[in-house]
Amino acid sequence: MKIGVLTGGGDAPGLNSAIRAVVKKSEKYGYEVIGIRHGWAGLLNLDTVKLEYENIKDIIHRGGTILKTSRTNPKKVPNGINIACQNFKKLGLDALIAIGGDDTLSVAAALSEAGLNVIGIPKTIDHDVPETEFTIGFDTAVNMAMRLIENLKDTAESHDRVFVVEIMGRHAGWIALYSGLAAGADLILIPEEPFSIKEVTEFVKKKISKEGGQSVLIVVAEGALIKDYEGPITKSTKVDQFGHVYLGGIGEFLAKEISKATGAETRACVPAHTIRGGPPTALDRLISTRLGLAAVDLVKEGKFGYMVALKAGEIVPVPLSKVTGKTKTVSKELYEEAKVFFD
Ligand code: F6P
C-alpha cells in the first residue's frame, strides 16, 4: 500500500507532528509514504519525496511544514482535477491524506468525488473548519498572540497609550477573541460582529475618562468589518486561486481614527505571520499526532472521503462533503459572553 501526504494553504504549527504520525503509523502497517511537496502544486507537477520515519522522527517540535505548502487550486488550473487524478495513478498511490483548511479540503472533496481515495486532516490557525473542535495550529497561534498582547499591555500601561493589535483571522475571529480574552484586552473586534468607528472611539473616550490614564488595548481581527464600509480593509485587490484577497490595514486605520477622535496617543501593532510560526504547543503536537494516526487507520479500513475530526475528546470521521463550503464562525452567544469585559 502506498500513501501520499500533502499540506496545503497557510502553514501552521503542528503540521510536522501530523506528518510524522502518518509516517509512523503507515510503517507499522507496512505501508510506504510519499510526501507531495508544495500542496496541490506537487500533485500537479509530480514533486514528491519519499518519507521514512527514521529520517523525520525529530520534527514533532518544528513549526512550518517539511513538505512545504502553496495555495494552488487544481480546480482553477486548466484540466487540474484530471491531471491530479492521472498523477495519483502515475505515482502508484492507493490513498492520499490531505492536511489543510477549507480550501485544501474542498479540493480533497472534489478529488474524492472524482473517485480518488482521499482522507482530510483539518488545519488552520483560523480555526474556521466546521465539524471539528480542533484545527492544527490554532492553539499555538492563540498562545503566541496572547503573549504579544500581554507584552503590549505592559508598554501601553507604562506610556498611557492606546494600542490596536491586528490579529490574523480572515472570516472568523477565533484567534482574536481567544487571545484577546486570555490576555485581558479591553475590546475585541471580529468579522462576525461589524462595528462602527463611532462605537470604538466612544468606547475609548469612556475608558480614558473612567480610568484617568490613557491605556486601552484593542484587539481587531484582520477581517473585521466596519459598518457602512464595503468589505474588509485590504492591502491589495489581487485574489489568490481560492478567491482570497490580501487582508491587512484595519489596525492602522482604527488607530488613526481613534487618535483623531480622542486625541489619545494611539499605536497600531500587526504581529501578522509571527503567530503562525514557531514550535507548536503540546496540544497542537498531541492532537495533530492523533489525527495523523487516525487518518492512516481510515486508510487501513478503506474508509475514504472523510476528514478526521476532534469531537468531545474523540477522533471521529466526518464526511468531507459535510465540511466543505462552510465556515465555522464565532457565535453571537459566545461574543455576548465575552462582551461582559468590554466596558
Ligand atoms: O492560514 C490562514 C491565514 O493565516 C489567515 O489568517 C490569513 O488571512 C492568511 O492565512 C494569510 O495568508 P498568506 O500567508 O498567504 O498571506
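Relevant structure appears above.
Okay, so let's go over this structure. (Residues numbered from 1 in each chain as written. Predicted model: local features only at pLDDT ≥ 70, side-chain atom pairs only at ≥ 80, totals over all residues. Heavy atoms only, no water.)

On the secondary structure map, Asp-103 appears in helix 5 (residues 102–113). Buried charge Asp-103 goes without a salt bridge, the closest partner of opposite sign being Arg-71 at 4.5 Å. One polar contact links Asp-103 to His-244, side chain to side chain, over a distance of 2.8 Å. (Helix = DSSP H or I, 4+ residues; strand = E, 2+ residues; numbered from the N terminus. Buried < 20%, exposed > 50% of the residue type's maximum accessible area, 1.4 Å probe, protein only. Lys, Arg positive; Asp, Glu negative; His and termini not counted. Salt bridge = Lys/Arg side-chain N within 4 Å of Asp/Glu carboxyl O. Polar contact = N/O pair within 3.5 Å; in protein donor to acceptor, adjacent residues only side chain to side chain.)

A few words now on the site of the ligand. Close to the ligand lie Gly-10, Arg-71, Ile-125, Asp-126, Met-168, Gly-169, Arg-170, Glu-222, His-273 and Arg-276. At a separation of 2.6 Å, an oxygen atom of the ligand approaches a polar side-chain atom of Asp-126. Within the side chain of His-273, a nitrogen or oxygen atom sits 2.8 Å from an oxygen atom of the ligand. Expressed as a share of its isolated accessible area of 400 Å², the protein-covered part of the ligand is 83%. In terms of residue class, the shell around the ligand is made up of 2 nonpolar, 3 polar and 5 charged. Split by domain, the shell around the ligand shows at least three residues from each of two domains, domain 1 (2–137 + 280–322) and domain 2 (139–276). (Near = heavy atom within 4 Å. Areas by Shrake-Rupley, 256 points an atom, 1.4 Å probe, with all protein chains shown as cover. Nonpolar A, V, L, I, M, F, W, Y, C, P; charged D, E, K, R; others polar. Domains from an automatic or database assignment.)

Let us look at the sheet that holds strand 7 (residues 187–189). In spatial order, the strands read 7-8-6-11; together these 4 strands make up an open sheet with parallel pairing. Whereas interior strands pair on both sides, the edge strands pair on one side only; in this sheet they are strand 7 and strand 11 (266–269). Geometrically, the sheet is characterised by an average inter-axis angle of 20° between neighbouring strands, direction not taken into account. Bridge count between strand 6 (residues 162–167) and strand 11: 4 bridges; the pairing is parallel. Bridging across to strand 11, Val-164 finds its partner in Ala-268. The sheet strands contacting helix 6 (residues 138–159) are strand 6, strand 8 (216–221) and strand 11, and the helix crosses strand 6 at an angle near 165°. Here helix 7 (residues 174–183) sits on the sheet in contact with strand 6, strand 7 and strand 8, set at roughly 175° to strand 7. (Pairing = 2+ DSSP bridges. Axes fitted to C-alpha atoms, helices over the stretch in contact; angles between N-to-C directions. Contact = heavy atoms within 4.5 Å.)

Before going further, it helps to examine the nonpolar core. Membership of the largest hydrophobic core comes to 52 residues, with the highest contact counts inside it found for Ile-175, Leu-189 and Leu-254. Where this core is concerned, the elements lending two or more residues are helix 6, strand 6, helix 7, strand 7, helix 8 (197–211), strand 8, helix 9 (250–262) and helix 12 (332–339). It is helix 6 that provides the largest number of residues to this core, a total of 8 residues. Setting aside residues no more than four positions away along its own chain, Leu-254 makes contact with Val-164, Leu-189, Phe-195, Ile-197, Val-200 and Val-220. Counting residues in hydrophobic clusters, the runner-up holds 30 residues, among them Ile-19, Ile-97, Ile-287 and Leu-310. (Core = buried A, V, L, I, M, F, W, Y, C linked by side-chain atoms within 4.5 Å.)

In total, this model carries 5 aromatic pairs according to the counting rule given. Ring geometry for Tyr-29 versus Tyr-31: centroids 5.6 Å apart, planes at 50°, classification tilted. According to the relative accessible area criterion, Tyr-31 is buried, its value standing at 13%. On the basis of an interplanar angle of 75° and a centroid distance of 5.7 Å, the ring pair of Tyr-229 and Phe-253 is categorised as edge-to-face. A residue pair is termed long-range when its members are at least 10 positions apart, and Tyr-229 in the loop between strand 8 and strand 9 (234–239) and Phe-253 in helix 9 qualify at 24 residues. According to the relative accessible area criterion, Tyr-229 is partly exposed, its value standing at 42%. Taken together, the ring pairs in this structure connect Phe-138, Trp-174 and Tyr-178 into an aromatic cluster. Here the basic side chain of Lys-303 rests over the ring of Tyr-306, its NZ or CZ set 5.0 Å away from the ring centre. Taking NZ or CZ as reference, Lys-328 lies 5.9 Å from the ring centre of Trp-174, over its face. (Phe/Tyr/Trp six-rings, centres within 6.5 Å; stacked < 30°, edge-to-face > 60°. Lys NZ or Arg CZ within 6 Å of the ring centre and 35° of its normal.)

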